[in-house]
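Close look at the chain arrangement
These are the residues of each chain, in order.
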Amino acid sequence: MLLLGAVSLTRLPVSLLPDVALPVLTVRTVYPGAAAPEVSRFVAEPIEQAIGATPGLVELRSVSRNGEATTTARFAWGTDMRATVLSVRERLDASRGALPQKAERPTLLTSDPGERPIAVLAMTSRPSTGQGQGGADLRTLARTAAEVHARRLEQIEGVASVAVAGAPRDEIRVSVDPDRLRALGVTTDDVAEAIKRQNVTGAGGTIRRGQFRFAVRALTEFRSADELLVTPFGPPQRGLLLRDVGTVQLALAEPDTRTRLDGTDAVGLVVYKDAGANTVAVTSRLMAQVAQLEQEYPGLALTVVAAQADFVVDALSNLGQEIVAGGLLSLLVILLFLRDWRLSLAIGLTVPLSVLMALVALQALGVSINVLSLGGLALGTGLLVDTAIVVAEAVGRRRDEGMPLREAAVTGTNDVAAPLFAGTLTTVLVFGPIVFVQGLAAALFRDLSLSVVTTVAASLLLALTLMPVMIVGRRRREPMEHPAPHAPQPARNGRLDKLGARLAASYEHGMRWSLAHPAAVLAMAGALLAVTVVLVARLPKEILPRVDEGVLVAQLSLPQGTALDATTAQVARLERAARALGARDVYARVGKATDEEVLAGADPGSSASAQLIIAVPENRDAARLAQQLRAAVPDLTQGSLAIDLAGQSEFGALIGREGSLVRVELSAASAALSQQWSDSVRQALQALPELADVRDAYASTQPLVELSLQRDRLAERNIAPQQVVSALAGALGGVPASELRETDRRTPIAVRYAGVANESLDAALRTPLNGVPLSQLVQVRETRAPLEVVRVNQRPVSLVEALVESGGTARANNEVQRVLGAMTFPPGISRQVGGADAERERTSNELVLVAVLAAALVFLVIAAEFASFTIPLVVMLTVPLAGAGAVILLWLTGQSLNAVSLIGIVVMIGMADNEAVVKLDAIRALREQGVPLHDAILQGGARRLRAIAMTSITTITGVLPLVLGWGSGGSLYQPLAAGIIGGSITALLVTFFLLPTAYAVLEKKRGA
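The name given to the chain in an unreviewed UniProt entry is Acriflavin resistance protein, with the source organism recorded as Gemmatimonas phototrophica.

Given below as structure tokens:
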């Protein structure tokens, strides 16, 4: 088993989180040239109608932007997503006829946190060295990144794709003089059509020479940019050439994306891994390739901005160190109690052996090594020694009675086998139901539950088989009258003996007092219950605790219509503020996201948006840095800036901003009215201290110039509307005119007005059509139009979002409800508060179901073990009070009540059940021998005193390193460890005093 466990340890995949498939589908549909209202009406609504009746659908949300619609369908946990994907795809295919003809076929995407990028690299040029290295311009940099670096990185095993962000695009720019064109009576569209006619390709046929046949290649395409200058256009009799009205040059197209590193232009490389690939192994190979590329291209610098594996490795290594530290502390406690290093070492060996046995089972169950499965093994360092300690105590007691060592080992093990089996079974039953519940927390903690169940089961097997063998084997040569392994050694341990005797006397005194004053004991239990209820109401509540990954992700959303240059200027302010706070290697993507980023779930972005990745300096708190960054740019925090502490990892995808978000949805008869009230709601929520980054979730409107056709004049001059559209497009921004094909690339050709006339509406309106300026054919009106249209469950809404800064999602949700309740909304406006608290409440309900189910199963097991309903009733009424200490310590340490802390409380209650079963079994055995009730309770308590105390203390010391929250990922386990430590303290008091007192009261009433 040791060999198999070692093999499993090397074969188990390593990842940050378990493989969690979210029940979310996204439909992306492109409708070129359409405005947001038209996209919503003609694309989003038909798609919503098509998939709205899909079984299991919980929420349907669509965002329509200029040229595209994104529809997100969220299904209930437990939905068969494979069948759902097929059903949705069939419904989309059936609805294809309802979409506009120009709309592209809808693309269906699944939601997988594992599709997040595993690394983000920034490529910059080093200063020139005078030897031809460095000093490369951005075009050369981008070409090298796309043609060399990206391809080399994609060849790495486990890398799925590499997206190049911020690369400038070349174009052959034909700049024409608008005045010359107007004088000649032609438009840019005429010039573009002439270029297309001259830049054609086609087969030239074949010729035959003798017995061979050769292909004829007609070189009719442009082979260089200079050839465009002699392109004829206009009436043939005029003999006009392109060089008569304009120039041709290789230029950079208008950028829609810029990437920066510390304020300098850069090219981004975003790396994605294959599904199921080992994040750590892929990143290791990636770093080796990066080092090789830097050696080959010394003039180019590759900076690793963010690497998910860094957090994975740090979190797993820190957790592994805490497991070892906890195990050593537990072993030290055992040694102090037993005062026998050989026996202590034998008990301590059960921990690694149980872990190795569990690894074999975990590999068979498909569990990976991640922060949650390792967390289950960390819990095992406190739980695994429990059964071994009880077996050692039972064997030692039989030796004290004069039994030979071999007989004492067999008899002692048999004495405790049944209660140990029942106690371990109760622990398994506490964790078992977690595997069957649904929801995000259940999906995450399945691995933790399986780790605990397998390790505890392995520890029981080893305690009942290997432990007696080790006790007998190491003593086989000693005489039969040798003292018990735990016998006192006054010469060396007098102080410990005296301390143990005083504690035992104190316990006996306290137990006698409790039996004499049962009403006072029960009253104190009631007071403790009341305090617990009050603290539960006051504790912050959220889905999962915040985890500091050492990376901030800032989203900047300026008013729509903001130019890329203006957005870049605001990004530069954020970069300077971050560097002033000590941050280095600040990476920024300004403008649109790449297709790969959009497919992975990123927002498509626009010229008014940007994303910054800011590495938190060492020994700095991410939340504190985020507050300082907000304070440095106070004007941007009023609805434009949102900072996410969860980073770029899978954990960030699952419980990042979405895990601590409050969302207000407003719906009204008109978009203007709903937007007006959403502004009022945003201003009211900004006053709440529990919230930060309050902003409109999606942009409302953007400036727009509308040109309406004067159709009577068009009819008089026989001008088609499409001619007007083409003339406007050519005058404003330019029109495509085929492309220049070279050996390994294609460069688009664009015809546009020269200079600033390309962006001048006046210049565009002077463009002639059939001798008539456009200004006489259209009417101009400046207005505002929605840039994005949001629909939730097939109704248009306005959204206001805020990040929960303190107090937990439950309190923030209640405060938002209070603020909305104080506002007087006009008739026709409906409002709804959503966000992460809905998932938290649903998860809490699932865990309550787990608790009820586990309690019922534990009750049945204890009833079968003791053949009585009295004993399980006593256990079920008293043991849950052990959770009071967990709640109190959570409150004292400033932790929240979340799924992790609830798991810790469940763990502790399961342990308390185990100890209660073992203690009540000893009392029952004495009662069957005819010992009076009070004496049986005192003797049974004294008999199990040291074993229970050792178990509780070793449990506390086993998880003590976790409560400190050291290193990456440590904050994930702080509430769990705090719950176990606090609960163990009260569990000790409940098992020592409350449980026997309640048992005595019920036994007296039953006897009466």
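Digging into the overall build of the chain
Across its full length, the chain holds 30 helices and 30 strands. Classification of the 1008 residues of the chain by burial places 53% in the buried group. In the chain, once contacts between residues fewer than 6 apart in sequence are set aside, the share between residues at least 24 apart is 80%. Of the roughly 44000 Å² of accessible surface on the chain, 56% is carried by carbon and sulfur atoms.

So, the pattern of salt bridges
This model, assessed by the stated rule, comprises 33 salt bridges. R173 is the salt-bridge partner of E171, the closest N and O atoms lying 3.0 Å from each other. Like R173, E171 is buried.

Regarding the sheet that holds strand β23 (residues 735-741)
Spatially, the 4 strands line up as an open sheet ordered β12-β7-β24-β23, and their pairing is mixed. Single-partner strands in this sheet number two, and they are β12 (246-252) and β23. The sheet shows a mean angle of 30° between the axes of neighbouring strands, direction not considered. Along the sheet, helix α22 (residues 721-731) contacts β23 and β24 (746-753); its crossing angle with β24, the most-contacted strand, is approximately 100°.

Focus on the nonpolar core
Nonpolar side chains in soluble globular proteins tend to be buried together. Counting 74 residues, the largest nonpolar core has F431, F445, I903, L920, I937 and Y999 as its most contacted members. A domain-level breakdown of this core finds at least three residues from each of domain 3 (340-474) and domain 4 (497-538 + 868-1007). Listed in part, the 29 residues of the second largest apolar core include A346, A392, A394 and A463.

Comments concerning the UniProt feature "transmembrane region" (unreviewed entry) in the chain
In this numbering, the UniProt entry assigns the feature "transmembrane region" (unreviewed entry) to residues 319-338, 345-365, 416-436, 448-472, 519-539, 847-866, 947-964 and 976-1002. A helix fraction of 100% and a strand fraction of 0% characterise residues 847-866, whose end C-alpha atoms lie 28 Å from each other. The annotated region residues 976-1002 carries 100% helix and 0% strand content, and the separation between its end C-alpha atoms amounts to 34 Å.

Quick word on the packing of aromatic side chains
For the structure on display, the rule yields 5 aromatic pairs. Seen in terms of ring centroids, Y507 and F993 are 5.8 Å apart; in terms of plane orientation they differ by 40°. Their pairing is tilted. Taken as a pair, Y507 in helix α14 (residues 490-516) and F993 in helix α30 (residues 970-1007) lie far apart in primary sequence, 486 residues in all. For F993, a relative accessible area of 21% translates into the label partly exposed.

Here's the deal with helix α29 (residues 933-963)
The largest bend along α29 measures about 45° and falls at L945. Of all the 31 residues making up α29, 23 are buried; the element is thus mostly covered by neighbouring parts of the structure.

Focus on the side chain of E48
Along the chain, E48 turns up in helix α2 (residues 36-51). For E48, a relative accessible area of 0% corresponds to the buried category.

About the thresholds
Residues numbered from 1 in each chain as written. Predicted model: local features only at pLDDT ≥ 70, side-chain atom pairs only at ≥ 80, totals over all residues. Heavy atoms only, no water. Helix = DSSP H or I, 4+ residues; strand = E, 2+ residues; numbered from the N terminus. Buried < 20%, exposed > 50% of the residue type's maximum accessible area, 1.4 Å probe, protein only. Contact = heavy atoms within 4.5 Å. Areas by Shrake-Rupley, 256 points an atom, 1.4 Å probe, with all protein chains shown as cover. Salt bridge = Lys/Arg side-chain N within 4 Å of Asp/Glu carboxyl O. Pairing = 2+ DSSP bridges. Axes fitted to C-alpha atoms, helices over the stretch in contact; angles between N-to-C directions. Core = buried A, V, L, I, M, F, W, Y, C linked by side-chain atoms within 4.5 Å. Domains from an automatic or database assignment. UniProt positions renumbered as here; feature names shortened; annotations may be inferred. Phe/Tyr/Trp six-rings, centres within 6.5 Å; stacked < 30°, edge-to-face > 60°. Bend = angle between axes of the 7 residues up to and from the residue.

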